[in-house]
Amino acid sequence: MKDKINGILSEARNKISESASEGELQNVKSAYIGKQGSLSLLMKEIPTLDVSLRPEMGKLLNQAKNEVKELIDEKRVELKLKASEVSPDFDCSVPGIMPSAGGLHPITQMCYDLNDAFRSMGFEIFEEDEITSEMYAFDKLNFPPNHPARESMDTYWLEGHDSGSTNEKLCLRPHLTGGSVRYMQTHKPPYRFVYPGRVYRNETTDSHHERAFFQYEALIVDKDITFTSGKVMIQSILSKVFGRDVPVRMRSGFFPFVEPGFEIDMECQVCGGKGCSVCKHVGWIEVMPGGSPHPNVLRAAGLDPDEYTGFYVNIGLDRLVMMRYGVDDVRLFHSADLRFLKQFR
């Protein structure tokens, strides 16, 4: 037994010394002190020895196993220290391979720029899940029960969750405004926050419409908020994003969740207001609806509309990116074509 132990120990020492990698070292460990290793299997032979020899052989085996373990640990440290050494055959003058560098998507860049601009004015950034209920997508936003936007021709309803009460019916959010109501329900006024995210509409795609696109909502709710404050906010944000003053106009428009409501246009930056296919040859492009939150929306959020008012805008982020870079087809941003996207790194 003693000769066996010494023979296996000598063999293990040589194997450890010859190991050139962590993998080889692990194989040596398994072969000698693992559950089925040579020294471990010898432990099973101890009960077959003469009673007087068992203590001595058991002690020798344990010493051998401990020595192998210590040698493996020392070799592991040695290998780690040598891992950073440069081979003498390495030619430092050979040109390296430039790593492939990624970059932020232009819509993401725009979102971050808007976040910075709104943070500088004391706004909080709010985010929520992309799945919502009919209650928050429509009911709490003053949409009547028979409004066409509730139909599957406009909204993506989730199969298996497209019936029942309005709180049980689930859909991909068709806009961000329902999430704003949820925010107001769980926070105390006054409110000053923005809400960026992707939304989904079941519609035909063209050069300035997509089925999945990005919106950027901003909402102020407080006592005695004037309409002028809202317009100043819009002009400040656009000038921050484009680095210059951008002409803005506000046209009367109807949206169930605001009263009064406006369609807010900016001068087309693709053609400079001269008229092109993007702005339908009128020189202006609608980038956001806006207005004061409807009294029913404020009530749904648990606020008294006689006490609180505010200003709301929902920026079409994709269209704003088109204006920034002079791109005439929104589908390019969602094409995953690296030849196009690499231009914005």
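Let me sum up the structure you'll find in this document.

Reading the values: the criteria
- Residues numbered from 1 in each chain as written.
- Predicted model: local features only at pLDDT ≥ 70, side-chain atom pairs only at ≥ 80, totals over all residues.
- Heavy atoms only, no water.
- Helix = DSSP H or I, 4+ residues; strand = E, 2+ residues; numbered from the N terminus.
- Buried < 20%, exposed > 50% of the residue type's maximum accessible area, 1.4 Å probe, protein only.
- Contact = heavy atoms within 4.5 Å.
- Pairing = 2+ DSSP bridges.
- Axes fitted to C-alpha atoms, helices over the stretch in contact; angles between N-to-C directions.
- Core = buried A, V, L, I, M, F, W, Y, C linked by side-chain atoms within 4.5 Å.
- Salt bridge = Lys/Arg side-chain N within 4 Å of Asp/Glu carboxyl O.
- Expected span 1.5 Å × (residues − 1).
- Arc of directions from axis to C-beta.

On the secondary structure map, asparagine 115 appears in helix 5 (residues 106–119). Relative accessible area serves as the criterion here: at 7%, asparagine 115 is assigned to the buried category. For asparagine 115, the residues in contact, after removing those within four places along its chain, are Ile125, Val194, Pro196 and Tyr216.

Taken together, the seven strands give an open sheet; going across it, the order is 1-4-5-9-8-7-6, and neighbouring strands pair in mixed fashion. The open sheet has two edge strands with one neighbour each: strand 1 (124–125) and strand 6 (248–252). Sheet strands in contact with helix 8 (residues 227–242) are strand 5 (212–222), strand 6, strand 7 (258–267), strand 8 (284–293) and strand 9 (309–316), and its direction is about 30° off that of strand 9. Seen against the sheet, helix 10 (residues 317–325) touches strand 5, strand 7, strand 8 and strand 9 and runs at an angle of roughly 60° to strand 9.

In this structure, Leu114, Phe118, Met233, Met266, Leu320 and Phe333 are the most contacted members of the largest nonpolar core, which totals 44 residues. Secondary structure elements with two or more residues in this core: helix 5, strand 5, helix 8, strand 7, strand 8, strand 9, helix 10 and helix 11 (338–341). Grouped together as the second largest cluster of nonpolar side chains are 29 residues, Tyr136, Phe138, Cys171 and Phe193 included.

Attention shifts here to the environment of lysine 240. Within the secondary structure layout, lysine 240 lies in helix 8. Classification of lysine 240 by relative accessible area gives exposed; the value is 52%. Expressed as a C-alpha distance, the spacing of lysine 240 and leucine 114, which sit 126 residues apart in the sequence, is 8.2 Å.

The subject of this paragraph is the pattern of salt bridges. Tallied over the entire structure, the rule returns 17 salt bridges. Put simply, glutamate 263 and arginine 251 hold a salt bridge, and the shortest N to O gap is 2.8 Å. With glutamate 263 in strand 7 and arginine 251 in strand 6, this pair connects stretches of sequence that are 12 residues apart. Counted as one network, the salt bridges with shared partners bring together Glu22, Lys69, Asp73 and Arg76.

Next up on the list: helix 1 (residues 2–18). For helix 1, spanning 17 residues, the distance from its first C-alpha to its last is 25 Å, which sits close to the expected 24 Å at 1.5 Å a residue. Along helix 1, the positions that sit buried rather than exposed are Ile5, Ile8, Leu9, Ala12 and Ile16. Taken around the axis of helix 1, the buried residues stretch over an arc of 105°, which confines them to a single face. Away from its buried face, by an angle of more than 90 degrees, helix 1 presents the exposed residues Asp3, Ser17 and Glu18.

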